[in-house]
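Coordinate analysis (summary)
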Amino acid sequence: MRLARILALALLAALFVYPLARLLALPLLQGSDVGPCLPALANSAFFALLVGCIAAPLGAILAQALETLDGAVLRLLGLGLWLLFLTPGYVLTTGWLVIMSHPAIRDGLFGQVFLGPTGLVFLYLMKSLPFAVFVARATFAAAGAQLGEAALVLGLTRWRRWLLRLRLALPAMAAAFTIAAIETMQEFGIPATLGLTAKIPILTYAIYQRLNTTPTDFAGAAALCWWLIGSAAVLALLQAAVQRRHQAALVHGRARQAMRAKPAALARMSLAGVASLLWGLGLGAPLLALIIVALGGPMDADGLDAVPRSLFYGMLAATLALGTGAFVLKLQQGRSLWFTGAVQGLLAANMAVPGLILGAGYVIAFNNDLLPLYGTVLLLIIAYAAGALPIAIRLLGTALGQLDAKLDEAARIFALPRVTRLIDIEAALLARPGLQAWLLVVAAVMFELPISELLYVPGAMPLGVAIVSADMMASYAVAARLALLGLATLAGLALLLNGALRLSAAPRPRQVS
Amino acid sequence: MTLSLRIEKACRTLGGRAVLRGIDLALAEGQCLVLAGESGSGKTTLLRLIAGLDRADAGRIEIKGAMMDDAARIFVPAERRGLGMVFQDFALWPHMSCLENVALALPAGTAKRNDAARTLLERLGVAALAPRRPAQLSGGQQQRVGIARALAARPRLLLLDEPLSSLDLATRAHLREALRETVQELGISTVLVSHDPEDCWALADQVAVLEEGVIRQSGAPETLWAAPASPYIARFTGALGGIPAPISVQGGRAALALDGQALLLPGSPPASGGAKLFWRDDAIRPAPDGQFAAEALSASFQAGRFLVRWRVPGLAQPLSALLTTKPPPGPHRIAIDPGKMFLFSDSGDA
Amino acid sequence: MRKAIAGAFAAFIAIVAVFMLWPSPAPGLVLYSGLDYGPAIAAAFTKETGIKVTVVRLATGSLLARIAAQGQHPDWALAWFDGATAATALDDAGLLARNLPAPQNLTPTGQSLVSKDGAYIPTGFTLAGVFISDPARLQTPPASWQDLTAPAFRNQVGMNDPSISGPTYPALAGMLDQAGGWPQGQDFVTALKANGLQMFDKNDATLAALQAQAISLAMVQSSAAVYFAANHPGLRVTIPTPAYMLPNVMVEAAGLPARQRAEAERFMAFIMRPDIQKLRQAQGEADGYYWPVTSDAPVPLPGLPDLATLKIVTLDPVAWGRLESTINGWFAKVMSGA
């Protein structure tokens, strides 16, 4: 058994650690003339921290509302968040560009404010908020009624009760903060499309510069990536510290489900406000712009095969990422903190670097006679999974941490067969957060751009490349149509699977005793 | 005859603290062992060692003659020990019905699983709840399902980790009774961790009390009743008191100075210094020809009897007794049965 | 039931995996195209010769990154993009086949564009930076580069980011060249920045800014400018003096097997045929607006000004190619005001 575990670890390291490690080793081996670009680093760090600080509590509040409250506003909010997380950043930003091409809007106050740091922060936030909410939801999903009721009985004021709940959510908030901050730090598409990279230099821009010069300066880009990784490491350490201090198991074998209540008037108004903002500015405006563009132009079915292709790529990559994530988490249980830290650190590096660097690492690592995986769909899937692995582990880890360990101990003591334990107990208990994590990765991979560009097999164009390619050939209608079709497919898949889960987990009707 | 459970010199250190130090236990077939002790005494750790959820640092653990854990090369993990366990917070799988919870625990190869599961639920009186989810049940009902589940596994040894402590008194009593009947009827060897004395009286064939990682006293419940080995055990078995007592040694025996007289107590005198005095609730009764003078301070009604507090000259704190009638306040004469008094040195030894 | 679902899911994923990971048939000749007409030309070639061509259509910068990352194990046979400077850089890295057969019937301009060691062939050219403006807002467009520093154009001018948009570097190089070369031309660019030059990442962003009236003059590649003006009547394209040439070139990967080399050469000849060049113009969207380098080529599309009226300069791709990363880095610092 131990041998199998070691082999599995070796395979993991070869597939998910070695490629990036090799690329990152370039500046250390070759030397590089690139300095730290302090203003860029400072800007990147500032935006990351700012977005993280907004996303963490906002995400926690929204998550709690979604888990414990009921009503039309809540359903709208939940749906809005889902759609937001299925929609890729560059699609939203392109929609905004279309809006901004109207002089009236651009010259107005809104346009002026939007085309600056404020708009940038807003778009960063829109992109990372769904992550934050989903990570936080796992904390509240099975919180017993007792914790809230204890607060009520003890006569705490409403404000204090909120604060108490917030404190209980600290570990989830820390995870949300880290995800939002790291995502923001390595995000390039949004600021580039907004055209702000000149006015507000950021670290990823410096990296892209290195990659876009000829000859491509991989060593220089990798050197700058070390700064990204360093920042991500600091953030991850912070999160680990918070997690350790504040982790509290909330899913018990005996918890009663909290009754969902209708939100109070003030809460309802503020939630409605947030929902409107999300739907209106976050989703509605850019999507509407895209729909208008999509309807113009000739209607042909060219290149639509990119949608199912990327959908299947996404499913494979998501399954690989989540499977690997679950394996790594199991491995971590009962191991020392060093092991956990090392694994998390290695995988966080995959998340901290921009997709282009990760992709380049895979090309360089596997494009030789020894490991001729380059040019295969397999390598593309592996690279996708590598990029998604840190998020998958984080989401699964938070969900796992909330489970009562006794549930699994009972399964062990009653000698349930391994398969039963895995499927009927562990997987079943993690089904909801697991499905959300899976869908999230499918969405991210479906519209993924930089890794796709570098690694796709000629003749099998993924969706992101097809959209950008159509844009470049000024077939804006085709591009918009592809984007919308992809979104619709994703939404359909999400609805289907969530519905199936709800049906299979529905409690059977009460019998009269 | 093979013992159901045998533990020799088991030790366990957690977080730098020696939680268990040299535990020796033996449990015969079909018997029920109650592990008692305060929180932090190590009882749950010991249970986890028996269950195979944790490894011992030293010592040996055998179940039905087979070596489970010798703190060296041999370690049989939990899934292969053939045990059943009932948890304090039930640990029923929340996403399955009660029937499924029980059915899943049945050994592989059992025919007609659902029927077998239903039979077990019937035995515990909760067959009607079979299709419901645990979250829809009360605590007592959930624990009945938990017991049914543990029995489903046809365990060689049944482990219970404070199974009744989350329940209210009335439910506790009912469930205790149900447990006793079931276990005795099926003849299953049982280890039950509890800090409730009622569990000892109702269920135990043998009691082992853990204090600070060692077994302070073990034996049949009546043995512990008759001669508790420590203040905790005395209190556990229902003794009153725990007051400092002025002790002198007379002729190799301890003598309590009361009302200007000396009351000789059985057993050897405490080693040094001060002593703590405990007594049974019927050790002191008013008698016209009683040896000592005492003043009845107060009498409070306690479910059918009266708790009377007596001030006796010579003792800083009052003695107490449970009487069927309420004595009028004021001076009385009392008789004290020295056989029902227990003396412990301040360090806790008898 | 749960196990059934798990089993069904596993089976589904397994089927999808087999389907998607099944080795695809040999791609034939792989063409990396940074130009819009690439796919159409490849299709025409396959139709005529039966030789299979697979096209990878990406922005020039992404193509070059892909090529560089693959290094000595290319999966491509031919690459077709704007910019001789990029081609010489690839050649310096030893990634290109040399002594490619030059196209037939080259004009004198075409001859001047042929590479010294035959690492690339010119297939046409555009101009690196031309001005497109709105006459309603800008009555007198600038005639020369130096005019851009005049107060009339304060905060009015926008250009692409050479670090992101591949074909922009030659425009920047041209600006420096006409101001005295490198590093003497730095003062001119600094003066442009002082006069409020704005930068956008790519053509579409710059042109969108023009349309939204955030700027009144955009400096973009000639093909993009003329195409945009054709679709937005009212806008006017002006060619500065001097104008800098931006050839579109084709390169071949080093170390191709003999059969692929033969097929590649057939393709190289194919794309320069007059009827195929007509196809390039028709199917090329913006890229179709190029000037040919062969004497038997069709007339350039309407909208493209007559070359005889322009003063055109060719940059030395080798010298300027080597300076690209230095100049781009310096430019980024200037534009961010550091």
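**As for the overall build of chain B**
Of regular secondary structure, chain B possesses eight helices and 21 strands. The 350 residues of chain B split such that 45% are buried. Taking the intrachain contacts of chain B between residues at least 6 apart in sequence as the baseline, contacts between residues at least 24 apart amount to 66%.

**Quick word on the overall build of chain A**
Check the secondary structure of chain A and you find 24 helices and zero strands. A burial count over chain A gives 55% of its 513 residues as buried.

**Focus: the arrangement of the chains**
Between all two pairs of chains that are in contact, chains A and C come out with the most contacts. The least C-alpha distance between chain B and chain C, which are not in contact, is 11 Å.

**Structural notes on the environment of R285 of chain B**
All names here are of chain B. Assignment of secondary structure puts R285 in strand 16 (residues 284–286). What makes R285 partly exposed here is the crowd of 17 C-beta atoms within 10 Å. Spatially, the C-alpha atoms of R285 and V308 are 9.6 Å apart, while their sequence positions differ by 23 residues. Residue contacts for R285: discarding those within four places in its chain leaves A321, L323, I334 and A335.

**Digging into the interface of chain A and chain B**
With 27 residues of chain A at the interface, the matching set in chain B holds 29 residues. For the side of chain A that touches chain B, the secondary-structure elements that each account for two or more residues are helix 19 (405–413) and helix 20 (418–429) of chain A. Take the side of chain A that touches chain B: its biggest share by element is six residues, from helix 19 of chain A. Residue composition of the side of chain A that touches chain B, by class: 12 nonpolar, six polar and nine charged.

**Considerations on the pairing of strand 4 (residues 120–127) of chain C**
Residue and element names in this part refer to chain C. Taking burial as the measure, the eight residues of strand 4 include eight buried ones, the bulk of the element. Both strand 4 and strand 10 (residues 243–252) contribute to a ladder of seven bridges, which runs antiparallel. Paired with Y120 across the bridge in strand 10 is V251.

**So, the sheet that holds strand 3 (residues 32–37) of chain B**
Residue and element names in this part refer to chain B. One open sheet holds the six strands; their spatial order is 6-7-8-3-9-10, and the pairing between them is mixed. Looking along the sheet, the strands with just one partner apiece sit at the ends: strand 6 (83–86) and strand 10 (214–219). The sheet shows a mean angle of 20° between the axes of neighbouring strands, direction not considered.

**Thoughts on helix 11 (residues 274–283) of chain C**
Residues and elements named next belong to chain C. Inspection of helix 11 places I276, Q277, R280 and Q281 among the buried residues, and these make up the whole buried set. The buried side chains of helix 11 occupy one side of the element, clustering within an arc of 150° when seen end-on. Considering only its buried residues, helix 11 is in contact with helix 2 (38–49) and helix 10 (258–270). Following helix 11 by one or two positions, E285 adopts a phi angle in the positive range, close to 50°.

**A word on the domain arrangement of chain A**
All names here are of chain A. Each assigned domain of chain A is listed here: domain 1 (1–31 + 300–501) and domain 2 (32–248 + 271–295). Of the residues lining the interface, 42 residues belong to domain 1; the matching set on domain 2 comes to 43 residues. Counting only elements with at least two residues in the side of domain 1 that touches domain 2, the list comes to helix 1 (2–30), helix 16 (337–352), helix 17 (355–366), helix 18 (377–401), helix 21 (431–446) and helix 24 (476–505). Considered class by class, the residues forming the side of domain 1 that touches domain 2 number 30 nonpolar, nine polar and three charged.

**A word on the interface of chain C and chain A**
In this complex, chain C contributes 55 residues to the contact, which on the side of chain A involves 52 residues. Elements supplying a minimum of two residues to the side of chain C that touches chain A: helix 1 (2–21), strand 2 (53–57), helix 3 (60–70), helix 4 (84–92), strand 7 (198–200), helix 8 (203–211) and helix 13 (324–336) of chain C. With nine residues, the top contributor of residues to the side of chain C that touches chain A is helix 1 of chain C. Class assignment for the residues of the side of chain C that touches chain A results in 31 nonpolar, 13 polar and 11 charged.

**Re unusual backbone geometry**
Note that the residue after W182 of chain C, namely P183 of chain C, is joined by a cis bond; omega there is 5°. Relative to the helices and strands, P183 of chain C resides in the loop between helix 6 (169–178) and helix 7 (186–194). For A91 of chain B, which is not glycine, the phi torsion reads 50° and is therefore positive. Unlike most non-glycine residues, A303 of chain B shows phi in positive territory, near 50°. For A303 of chain B, the position within the fold is in the loop between strand 17 (292–302) and strand 18 (305–311). With 5 C-beta atoms counted inside 10 Å, the residue A303 of chain B sits in the exposed group.

**Quick notes on the environment of V17 of chain A**
With respect to the secondary-structure elements, V17 of chain A resides in helix 1. When the C-alpha positions of V17 of chain A and I202 of chain A are compared, they lie 26 Å apart, and in sequence the two are 185 residues distant.

**Thoughts on the sheet that holds strand 13 (residues 253–258) of chain B**
All names here are of chain B. Pairing in this open sheet of three strands is antiparallel, and the strands run 12-13-14 from one edge to the other. Pairing within the sheet leaves two strands with one partner each, and these edge strands are strand 12 (247–250) and strand 14 (261–265). Pairwise comparison of adjacent strand axes, ignoring direction, gives a mean angle of 40° for this sheet. Pairing of strand 12 with strand 13 involves four bridges; the strand directions are antiparallel. When the sheet's bridge partners are listed, V249 is paired in strand 13 with A254.

**Brief notes about the confidence of the model for chain B**
Residues and elements named next belong to chain B. Scored by pLDDT, chain B has a mean of 88; 98% of the residues are at 70 or more. Per-element confidence in chain B ranges from a low mean pLDDT of 81 for strand 12 to a high of 94 for strand 8 (residues 189–193). Scoring the predicted complex yields pTM 0.82 and, for the interface, ipTM 0.83.

**Observations regarding the packing of helix 10 (residues 170–186) of chain A against helix 18 of chain A**
Residue and element names in this part refer to chain A. One way to put it is that helix 10 packs onto helix 18 with a least axis distance of 11 Å and a crossing angle of 170°. The angle between helix 10 and helix 18 falls in the class roughly antiparallel. Facing helix 10, whose interface residues are A172, A175 and I179, helix 18 presents I391, R394 and T398. Of the residues contributing to the contact of helix 10 with helix 18, the split by class is four nonpolar, one polar and one charged.

**Notes on the pairing of strand 10 of chain C**
All names here are of chain C. By the criterion of burial, strand 10 is predominantly enclosed, with 10 of the 10 residues buried. With five bridges joining them, strand 3 (residues 78–82) and strand 10 adopt antiparallel strand pairing. By the bridge assignment for strand 10, L78 is matched with E252. Across two bridges, the pairing between strand 10 and strand 11 (residues 312–313) is parallel.

**Section: the packing of helix 20 of chain A against helix 1 of chain C**
Taken N-terminus to C-terminus, the directions of helix 20 of chain A and helix 1 of chain C make an angle of 80°; their axes are 9 Å apart at the nearest point. Classed by the angle they form, the pair helix 20 of chain A and helix 1 of chain C counts as roughly perpendicular. Only R2, K3 and A6 of chain C of helix 1 of chain C make contact with helix 20 of chain A, whose side of the interface consists of I423, D424, A427 and A428 of chain A. Taken together, the residues that form the contact of helix 20 of chain A with helix 1 of chain C break down as four nonpolar, no polar and three charged.

**Focus on the nonpolar core**
Residues and elements named next belong to chain A. By size, the foremost hydrophobic cluster in this structure holds 395 residues, and its most contacted members are A176, A317 and V441. The element contributing the most residues to this core is helix 18, with 18 residues. Not counting residues up to four positions away in its chain, the partners in contact with A176 are A55, A56, G59, A60, A132, V135 and A136.

**Points about helix 9 (residues 222–231) of chain C**
Residues and elements named next belong to chain C. Of all 10 residues making up helix 9, seven are buried, and the element is well covered by its neighbours. Taken together, the buried positions of helix 9 are S222, S223, A224, A225, V226, Y227 and F228. Contact partners of the buried residues in helix 9: strand 4, strand 5 (130–133), helix 8, strand 8 (217–220) and strand 9 (236–238).

What counts and what doesn't
Residues numbered from 1 in each chain as written. Chains lettered and ligands numbered in written order. Predicted model: local features only at pLDDT ≥ 70, side-chain atom pairs only at ≥ 80, totals over all residues. Helix = DSSP H or I, 4+ residues; strand = E, 2+ residues; numbered from the N terminus. Buried ≥ 20, exposed ≤ 12 C-beta atoms within 10 Å, placed from the backbone. Contact = placed C-beta atoms within 7 Å. Nonpolar A, V, L, I, M, F, W, Y, C, P; charged D, E, K, R; others polar. Pairing = 2+ DSSP bridges. Axes fitted to C-alpha atoms, helices over the stretch in contact; angles between N-to-C directions. Arc of directions from axis to C-beta. Domains from an automatic or database assignment. pLDDT = per-residue confidence, 0-100. Parallel < 35°, antiparallel > 145°, perpendicular 65-115°, else oblique. Core = buried A, V, L, I, M, F, W, Y, C linked by C-beta atoms within 7 Å.

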